[in-house]
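As a plain string of letters, each chain reads:
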Amino acid sequence: MVNKFPYDRPRIGQIELSKFLYTNLREDVVAIVSAPTGFGKTISILYASRALVDEGRFDKVFYVVRTRNELDPVIRDGRKVGMRFSILYSIARMCPLARGKNISSDGFWAVCSLLRIKGLCEYYRRTRSLDIPQIFSSISSSRDHTDFADRLSKEIGVCPYFTSLELLDYVDLYVATYPYIFKESIKSWIFSDRDFSQTLLVIDEAHNILNIGSLMGESISIDVLDRAIRELEELSLDTDTLDFLKNLTSIKVDDVGKGYTFIGRDRVGLDKGVADRLMEIAIEASLEMFREHNDIDNVEDLDLSIYRVAKFVKSAVNNHFEIFVSRERPKGLTIHTLPIDFDVVREIIEQFPSAILMSGTSPDKSFIEKGVGIKKHIEVVDVEEYGARNYLRENAVAIMFTGATTSYRERTERMFKTYSKLIETLYRVHRGGVIMVIYPSYEVMNSIVSLISSDIEMVIESLKPLSQIIDEIARKEKVVVNTVAGGRLAEGIELTVNGESLIKTVVVVGVPYPQPDDYIEFIKRDLQKKGYIYTEYYRDLAIMRVLQAVGRAIRSEKDYALIVLADRRYRQKKLLEKIKLNIKAVTDSINTIEKIVSSLNQ
Ligand code: SF4
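An unreviewed UniProt entry lists the chain under the name ATP-dependent DNA helicase, from Ignisphaera aggregans.

Residue-level account of the site of the ligand, with values.
Around the ligand sit 13 residues in total, of which Cys95, Cys112, Cys121, Tyr124 and Cys159 are the nearest. Under a 2 Å grid-point criterion requiring more than half of the atoms, the pocket assigned to the ligand is the largest cavity. For the shell around the ligand, the elements supplying multiple residues, two or more each, are helix H5 (105-117) and helix H6 (122-127). In terms of residue count, the dominant contributor to the shell around the ligand is H5 (4 residues). Looking at the shell around the ligand, its residues break down into 12 nonpolar, no polar and 1 charged.

Mind laying out the sheet that holds strand E13 (residues 433-439), listing which residues take part and the relevant values?
In space, the 7 strands of this open sheet follow the order E14-E15-E13-E18-E19-E12-E20, with parallel pairing throughout. Edge strands, defined here as strands with exactly one partner in the open sheet, are strand E14 (458-460) and strand E20 (583-587). The mean inter-strand angle of the sheet, taken between neighbouring strand axes irrespective of direction, is 15°. As defined by bridge partners, strand E12 (residues 396-401) adjoins strand E19 (residues 561-566) across 6 bridges and the pair is classed as parallel.

Tell me about the domain arrangement of the chain, and name the residues and values.
When cut into domains, the chain gives domain 1 (14-104 + 119-212 + 342-386), domain 2 (215-339) and domain 3 (391-601). For domain 2 versus domain 3, the distance between C-alpha centres works out to 35 Å. Contacts between domain 2 and domain 3 engage 9 residues on the former and 11 residues on the latter. Summed over both sides, the interface between domain 2 and domain 3 buries roughly 950 Å², with carbon and sulfur atoms accounting for 57% of that surface. Our enumeration of links across domain 2 and domain 3 arrives at 1 salt bridge. In this structure, Lys258 and Glu443 form a salt bridge, with 3.4 Å as the shortest nitrogen-oxygen distance. If you look at where domain 2 meets domain 3, you find 5 residue pairs in polar contact (both at pLDDT 80 or more).

Thresholds applied
- Sequence order sets the numbering: in each chain, residues are counted from 1 along the sequence as written.
- Per-residue local features of the predicted model are confined to residues with pLDDT of at least 70, and side-chain atom pairs are confined, for both listing and counting, to 80 or more; whole-chain, interface and lining totals are unaffected and use all residues.
- Calculation of side-chain values draws on the structure's entire complement of heavy atoms; hydrogens and water are dropped beforehand.
- Proximity criterion: a residue is near a molecule or strand once any of its heavy atoms comes within 4 Å of it.
- In this analysis, the protein atoms alone were mapped onto a 1 Å grid. Cavities are point sets where a 1.4 Å probe fits without being able to get out; pockets are open sets with protein on both sides within 12 Å along at least five of seven lines; lining residues have an atom within 4 Å of a point.
- In this description, a molecule resides in a pocket or cavity if more than half of its atoms sit within 2 Å of the grid points defining it.
- Numbering of helices and strands starts at the N terminus; helices are DSSP runs of H or I of at least 4 residues and strands are runs of E of at least 2.
- All residues other than Ala, Val, Leu, Ile, Met, Phe, Trp, Tyr, Cys, Pro, Asp, Glu, Lys and Arg, Gly among them, are scored as polar; the first ten of these are nonpolar and the last four charged.
- Strands were regarded as paired on the criterion that DSSP finds at least two bridges between them.
- A fitted line through C-alpha atoms represents every axis, and for helices the fit uses only the stretch in contact; the resulting angles, taken between N-to-C directions, go from 0 to 180 degrees.
- Segment limits for the domains were obtained from an automatic or database-derived domain assignment.
- Residue contacts are defined here by distance: any two heavy atoms, one from each residue, within 4.5 Å place the two residues in contact.
- Accessible surface is computed with a 1.4 Å probe, and the buried area is the amount of it that two parts give up when combined, taken over both parts together.
- A carboxyl oxygen of Asp or Glu within 4 Å of a side-chain nitrogen of Lys or Arg is what we treat as a salt bridge.
- Any pair of N or O atoms that falls within 3.5 Å is considered a polar contact. Within protein, one atom must be able to donate a hydrogen and the other to accept it, and sequence-neighbouring residues count only if both atoms are side-chain atoms.

Below, the structure is given as C-alpha cells:
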C-alpha cells in the first residue's frame, strides 16, 4: 500500500487489519472480519480497498450499511483515503420533490415513474446529460447523506437518485443501504442489469445475515391490502387478481398462531402471472390517479396501496421465499414474504468476486461455509488477535443472575414475578440514566412489565416512530426501557449525548433464542439439509442478539455499564465462551445483586 494511513495515530490493529485484507483479498475470497465497536474498522477496510482498486484487483467497492445514518462515516472515511464515492438510500428521502412529504418509498416510486414518463421532472431531464467532473467536485465534500442529495439537486439541479445510479460506473466506492442488495422488491429493479463481476462487496454489520427473515423479508398489513382492494374497486379495475387479494385478506386471526404462521403461495393462488398482472394494474391505477390529481404538491394523494401491494407480491414469487402471516400488536394481521433458505444470501454474495463480512459479532466461518453454502475461500480475522481493545469486555461489568429462567417449561407467574422484582431492585439502586431490559419475546415482556410497580418510570417498545421514543427516553432522568431482543430499540437506536451512551445498565431477561414457529421450522430444515447443526445456529443467533443489545451501552471507550444476564442457562459453557463478557459474579439472589450494584456505585 503506497499511500500513508490517513490518521497520524492509528489504533492498535488498524494497520494490521488493512495489511491482512490487502494481502488476502483476491478473486473468490470471502473475508470475515471481527472488530469491536470503537475499533475504527471502516477506515482500515477503506484504506486496504483503495490500494486494491488502485492496483486494479477490483473496479470498485460496493459497501452496504444497515441505515442511512451509517452512510455518513463511510463517506467521511472514503474521502479521507481519496476514493471517489456516491451513495444511495431511499428515493423518497433523496428526491427534492418528495422531501417533507408524507409518502412511502414504494408510493413515491410510482409517482416518480409517471413524472419521468411524462417528462414532467426537470431534475430528471437534466440528469440525462451529466457533467461528471462537475458532479464529483460538488459531492466530494458532502458533509453527510442529506447534504449529498442537496448538493446534487440545489447546486447542480439534477435528480440525486438517478444521478447516483449513473455514478456507479465512475466511482471507487459506492455506498448503499441494505435494501439495495437484500430486498428482493428493490434489488431486482435497481441493479439487476449491473455488472459486479469486478467489484468488492463489503457488508457492514454482517451478523444480520443470521437474522435472514428480518434482513430480507417484506411485510404488508391487512389494512394496506384492504385499501388496495378498495382502490381497485373505486377505479373500476376489478379483475381476477382481486380474488387473489381477497384470499390474502380472508385469513382469520384465530387461525394464526404465535410468531409466523405458514400460508404458502399455493393456498392464496399466487404465481408469476398474478404478480405481473397486479403490477400492470398498479401502473394503470397510478396513471388513472395521476390524471385526476396532476399536482406534485399533493403527492400524498398518489400514494396508492395497490402499488405497494404489487411490489410486495413480486418479491413473493421468488422460489426462495414463502408467504407467512403474523398477529401484530395491538391487533390485526400482517402478511410476510420471507426467505426460506440461505441460498438467497449465497446468491447475493456470489454475484461479487470477493466480499468482506464485518461485524463486532461476526458469523462463524462454519456457518458461512455450510449454512450459507459459500464455495469461495474463506479468510477469518479477529482484530483482538492484533491486540485491539474490546471496550465491551473492558468497560462492562457483568453479573449472571441464576434465580430465574424464561425456558418454556418454567414460564410461570412466580418466575415473571421474580424478574419484575429484579428490575424494580435495579431501578432503585440505579443512579440515573437508562436501564435497558431486553426480553426474548413480546409475550414475556408484557407478562413481566404488567407486574412491575407503577412508581417505576418506564418506556415500553411500541409502534411509535423511533425518534418519538428516543425523545421520550431522553427527557427522563432515570428510566427502564423495555424492549425485545432483535427489535427496533435493542439494535436500532443510538441513545448518546456527546458520544456517551445514556444506557448505564442492560438486563437481558432469558436467552433470546428464536421462538419456535412455522418460519423457524423452514430455516431448521434448510440448515439440516445442508448438514449444519441447527442448534448452533439457534445459539449463535441468541448470542448475537445479546451482544448487540449489550453493545448499545458501550459505544466508545468513555462508556461504562453494568450487564445482568438474567437466566440460569447462561451457565452453559458454550454460551459463556462465545459471549466473552467480564463476569464479576454469579448469583441466584436479588439481594446479592443489590449489594454488588451499591458497592459499584460507590
Ligand atoms: S426523477 Fe424527479 S421525481 Fe424522480 S426521484 Fe428524481 S427528482 Fe424525484
